[in-house]
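Residues per chain, in single letters:
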Amino acid sequence: MTHPPRSSTAPPPAGPGLPAAPGIPAQPGRPAPLGSPAPPARTAFAEGVDRLRAAATTEPGRLRIIGAVLALLVVAFGASAAWQADARSAAADDVLHRSQPLSSGAADIYRSLADANTAASSGFLAGGQETAASRTRYETDISTAASGLVTAAANAEPGSASEATIARLNRLLPEYKGLVERARTYNRQGYPVGGAYLRYANEKMQKEMLPAAEDLYTTENGRLDADYGDATPYPWVAIGLGVLALAGLGWAQHRTYRRTNRVLNHGLVAASTATAVALLWLVVGHAVARSELNGSYDHGIRSLTVLHDARIASLKARGNENLSLVSRGAETVTVDGKQYDTYYYDFDKDMAVLGKGLTEAAQLADDQGGSAPVKSAESNMAVWKQRHTAARTEDENGNYQQALDKVIGAKGATGECFDGVDGSLARAIDHEQSEFQRAAQDGRDALAGLPAGAAVLAVLGAAGALAGVGRRLSEYR
């Protein structure tokens, strides 16, 4: 019997091409050397992206993503619509109840100061025979200006230019009134120095107070323009999000139809309806508000600005006409080498401004209620010019008393024409003010309820989108 030879040598190791010996488990790899960097830990965001990618590979996962995106779009649309509508509604309310009344109040301050100056010069010319009506008019104008300054101060922003202007006018007003009272006192006593005091009061009014009042008026008009600028633009961000939300809802319904052959998904239809209603309300509401507010500016604010300027020009013209008789040629100005009486020269400039303003106001008037007072003012202005020419001729010929009678006389004087112009312009201003208020009120009302309505419809739309997608998800359970 033959036996295999015994050997003490070990079998050769397994080479690259030879299999490992059976029964011997695979040996673990060599451990990483000490000091080598550990593999980076995965962030929560990366894990979330992986889960989202994995969910997107299944239809239920895709439906959940679609539902979340649709709800987010609808809610974003509703939030932006509510925010922009509320901002424009607040700006429209400021136009109606804040900036325009303050602008009109600043114009009244200017007019009251100019009219007080005119009444003071008229009373001075009357001397000891000053009427109670003339004195009352002066006092009423001063009180109106002071009251207007109190209102303007209450609405001025602390530290603003308006606050500084109002403080300056509050300081100048008692100074002016004191000069007028001194002029009256000396005039009653027959002292010529009374005329010097009145001219000094007029200079303070013309060079300090009226320019300050004009600055206040300009500032308030700027605030009014800014409020119009905030109230009239279309809410393009909200409109864009609304169109995007509707497009997303339409795509989701089309996708559902292609996969299920079901024409309608009740939840998505409800979401689309709520979104469409909110978008239509937003567009139509802003279109109406924009149209009415622009109308209130074109047919109200522009006319009011022109009429206020014309009325102020008439007041300044009347004041210069009176002061030309007070000074009796003591104040002169040289223009192109020719000498003129200062107040007569300024009167001619003011009347030119008045005529230009009345022409523009007639063009802006869009109904009989606005055009009739302007035509009446033009007629009175024409007669005023004729009577003033006659009075100036008497004055230049040395007939002072005849000139005075033609300016402040009881009948046929230029004062009647001035009162006719001033009264007609006051009626035109009242008419345009009512036109502005009607249009601005309609513009603000067009946005009423829109912020809250858009928010409610957006919530309903988002709920409908989630319900519609949830109905599809239930089919996979």
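Residues numbered from 1 in each chain as written. Predicted model: local features only at pLDDT ≥ 70, side-chain atom pairs only at ≥ 80, totals over all residues. Heavy atoms only, no water.

With that out of the way, let us pick up the overall build of the protein chain. Along its length, the protein chain carries twelve helices and two strands. Element order for the protein chain, N to C, with α for helix and β for strand: α-α-α-α-α-α-α-β-β-α-α-α-α-α. In the protein chain, which comprises 477 residues, the share counted as buried stands at 43%. By sequence separation, contacts in the protein chain at least 24 residues apart represent 81% of the contacts at least 6 residues apart. (Helix = DSSP H or I, 4+ residues; strand = E, 2+ residues; numbered from the N terminus. Buried < 20%, exposed > 50% of the residue type's maximum accessible area, 1.4 Å probe, protein only. Contact = heavy atoms within 4.5 Å.)

Moving on, we come to the pairing of strand 1 (residues 332–335). By the bridge criterion, four bridges tie strand 1 to strand 2 (residues 338–341) in an arrangement that is antiparallel. Across the sheet, residue Thr332 finds its bridge partner in strand 2, namely Asp341. Linkage of strand 1 to strand 2, two consecutive antiparallel strands, is achieved through a turn of two residues, within which Asp336 is found at a positive phi near 55 degrees. (Pairing = 2+ DSSP bridges.)

The next point concerns the pattern of salt bridges. For the structure shown, the criterion picks out 20 salt bridges. Taking the shortest distance from any N to any O, the salt bridge between Glu181 and Arg184 comes out at 3.5 Å. Of this pair, Glu181 and Arg184 both sit in helix 4 (residues 161–188), three residues apart, roughly one helical turn. Linking Asp346 and Lys349 is a salt bridge whose minimum nitrogen-to-oxygen distance equals 3.8 Å. Of the two residues, Asp346 and Lys349 both sit in helix 8 (residues 342–364), three residues apart, roughly one turn of that helix. Since its relative accessible area comes to 23%, Asp346 is described here as partly exposed. Relative accessible area serves as the criterion here: at 44%, Lys349 is assigned to the partly exposed category. Residues joined by salt bridges that share partners form a network here, namely Arg135, Glu139, Lys177, Glu181 and Arg184. (Salt bridge = Lys/Arg side-chain N within 4 Å of Asp/Glu carboxyl O.)

Another point: the confidence of the model for the protein chain. Here the protein chain shows a mean pLDDT of 85. Residues at 70 or above account for 86%. Low pLDDT, under 50, characterises residues 14–18; the stretch is placed with three contacts to residues that sit more than four places away or in other chains. (pLDDT = per-residue confidence, 0-100.)

Evaluation of the coordinates by the stated rule reveals six aromatic pairs. With a centroid separation of 6.0 Å and 70 degrees between ring planes, the pair formed by Phe347 and Trp384 is classed as edge-to-face. Residue Phe347 is found in helix 8, and its partner Trp384 is found in helix 9 (residues 368–396); the two are separated by 37 residues along the sequence. Ring centres of Trp384 and Phe418 lie 5.9 Å apart, and the angle between their planes is 65 degrees; on these two criteria the pair is classed as edge-to-face. With Trp384 in helix 9 and Phe418 in helix 11 (residues 414–445), the pair connects residues that are 34 residues apart, well separated along the chain. Taken individually, Trp384 and Phe418 each receive the classification buried, so the pair is uniform in this respect. An aromatic cluster is present here, built from Tyr186, Tyr191 and Tyr197 joined pairwise through their rings. (Phe/Tyr/Trp six-rings, centres within 6.5 Å; stacked < 30°, edge-to-face > 60°.)

In this structure, Leu113, Tyr138, Tyr176, Met209, Leu354, Trp384 and Leu425 are the most contacted members of the largest nonpolar core, which totals 78 residues. Considering every element that reaches this core, the biggest residue donor is helix 2 (residues 59–126), with 15 residues. Judged by nonpolar contacts, the second largest core, of 15 residues, contains Leu282, Leu447, Leu450 and Leu457. (Core = buried A, V, L, I, M, F, W, Y, C linked by side-chain atoms within 4.5 Å.)

A contiguous nonpolar patch, built from Leu280, Val284 and Val288 and spanning about 260 Å² of accessible area, is present on the exposed surface. Overall, the relative accessible area of 39% leaves Val288 in the partly exposed class. (Patch = residues over 30% accessible without salt bridge, like charges linked within 9 Å, V, L, I, M, F, W, Y side chains within 5 Å. Areas by Shrake-Rupley, 256 points an atom, 1.4 Å probe, with all protein chains shown as cover.)

One way to put it is that helix 2 packs onto helix 5 (residues 193–231) with a least axis distance of 9 Å and a crossing angle of 170 degrees. The orientation of helix 2 with respect to helix 5, classified from their angle, is roughly antiparallel. The residue inventory of the contact of helix 2 with helix 5, partitioned by class, reads 22 nonpolar, ten polar and eight charged. (Axes fitted to C-alpha atoms, helices over the stretch in contact; angles between N-to-C directions. Parallel < 35°, antiparallel > 145°, perpendicular 65-115°, else oblique. Nonpolar A, V, L, I, M, F, W, Y, C, P; charged D, E, K, R; others polar.)

Right, let's talk about helix 3 (residues 132–155) for a bit. The terminal C-alpha atoms of helix 3 lie 35 Å apart, and with 24 residues this matches the ideal 34 Å at 1.5 Å per residue to within 8%. Among all positions of helix 3, only Ser134, Tyr138, Asp141, Ile142, Ala145, Gly148, Leu149 and Ala152 are buried. Those residues of helix 3 that are buried are in contact with helix 2, helix 4 and helix 5. (Expected span 1.5 Å × (residues − 1).)

Taken together, the side chains of Glu214, Asp215, Asp309 and Glu360 define an acidic patch exposed on the protein surface. Within the secondary structure, Asp309 is located in helix 7 (residues 266–327). In this structure Asp309 comes out as partly exposed when scored by relative accessible area, which is 37%. (Lys, Arg positive; Asp, Glu negative; His and termini not counted. Charge placed at Lys NZ, Arg CZ, Asp CG, Glu CD.)

Glancing now at the side chain of Arg311. Secondary-structure assignment places Arg311 in helix 7. Note on Arg311: relative accessible area 13%, which makes it buried. Reaching out from Arg311, the side chain makes a polar contact with the side chain of Asp422 at a distance of 2.9 Å. When near neighbours in sequence (up to four residues on either side) are disregarded, Arg311 contacts Arg111, Asp422, Leu425, Ala426 and Ile429. (Polar contact = N/O pair within 3.5 Å; in protein donor to acceptor, adjacent residues only side chain to side chain.)

Locating Gln339 in the fold gives a position in strand 2. By relative accessible area, Gln339 is classed as exposed at 57%. When sequence neighbours within four positions are dropped, the list of residues in contact with Gln339 reads Thr332, Val333 and Thr334.

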